[in-house]
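Geometric and topological summary
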Amino acid sequence: MDVVIGPLDLAAHVDEALAVQAAAFGLGPDEVAVRRQIVLRHMTHPGARALGATAGGDLVGFVYGMPNDRAHWWSTVVEPYLRAQGNDAWLDDSFVITELHVHPAHQSRGAGRSLITTITDSVPEPRSILSAIDTESPARGLYRSLGYQDLARQVLFPSAPKPYAVMGAPLPLRRPRDGPGGT
């Protein structure tokens, strides 16, 4: 089944999106309830935008983000880690990929790559930053293939059970080369 990438009114489809995130990230009902309020608040920030991936009319993936603001909670947590590595300037003039999730049944088919490249192609910021669980994973492999590099590792978020890595990439994101292994 073909996946279609397009604009997503995330506030109107927050429950569908969080069902995808819960399946992809293993979230329970209490975590989903907390994240619901966070997503709705984020979507009120200037410049916040979201895209969805649909298959057969069902939402199977989504991405959202916004221009970074050093006053936002995420920035206040990651700033000391970035500063310790000499990378805190990445918090300025950056578009943050706040969440990117694809339902496990639709992973490894290019939906995540299409979501993140499409959303970052439309932003005015010259670079993008994000955080991902600090372990070797398909997600981190995807980010590296797009040009993201580790800016800080072993970043601890309050109440998160695992450390994260903060990654950054210049925009536009790197595309696969034409030819063998390319698109």
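These remarks concern the structure in this document. Quantities reported herein were computed from a predicted structural model and do not represent experimental measurements. (Residues numbered from 1 in each chain as written. Predicted model: local features only at pLDDT ≥ 70, side-chain atom pairs only at ≥ 80, totals over all residues. Heavy atoms only, no water.)

A few words now on unusual backbone geometry. For the bond running from Leu 171 to Pro 172, omega is 0°, close enough to zero to count as cis. Looking at the element boundaries, Pro 172 is found in the segment after β7 (164-170). The backbone phi angle of Ser 108 is positive, close to 65°, even though this residue is not glycine. Relative to the helices and strands, Ser 108 resides in the loop between β4 (94-102) and α4 (111-121). On the basis of relative accessible area, Ser 108 is assigned to the exposed category, the value being 79%. One non-glycine residue, Ser 159, lies in positive phi territory at about 70°. Positionally, Ser 159 belongs in the loop between β6 (149-155) and β7. (Helix = DSSP H or I, 4+ residues; strand = E, 2+ residues; numbered from the N terminus. Buried < 20%, exposed > 50% of the residue type's maximum accessible area, 1.4 Å probe, protein only.)

Across the seven residues of β7, six count as buried, placing the element largely inside the fold. Inspection of the sheet shows β6 paired to β7 by four bridges, in the antiparallel sense. Across the sheet, the residue bridging to Val 155 is Tyr 164, located in β7. (Pairing = 2+ DSSP bridges.)

Further remarks concern the sheet that holds strand β2 (residues 49-55). If you walk across this open sheet you meet the seven strands as β1-β2-β3-β4-β5-β7-β6, and the pairing is mixed. Only two strands of the sheet have a single partner each, and these edge strands are β1 (4-7) and β6. Strand after strand, the sheet turns through a mean of 25° between neighbouring axes, direction not considered. Pairing of β4 with strand β5 (residues 127-133) involves four bridges; the strand directions are parallel. Bridge pairing links Val 96 to Ile 129 in β5. (Axes fitted to C-alpha atoms, helices over the stretch in contact; angles between N-to-C directions.)

In total, this model carries three aromatic pairs according to the counting rule given. Aromatic side chains Phe 157 and Tyr 164 sit 5.2 Å apart centroid to centroid with 90° between the ring planes, which places their arrangement in the edge-to-face category. Counting every residue linked through ring pairs, the aromatic cluster contains Trp 73, Phe 157 and Tyr 164. Above the face of the Trp 90 ring, Arg 127 is positioned so that its terminal group lies 5.0 Å from the ring centre. (Phe/Tyr/Trp six-rings, centres within 6.5 Å; stacked < 30°, edge-to-face > 60°. Lys NZ or Arg CZ within 6 Å of the ring centre and 35° of its normal.)

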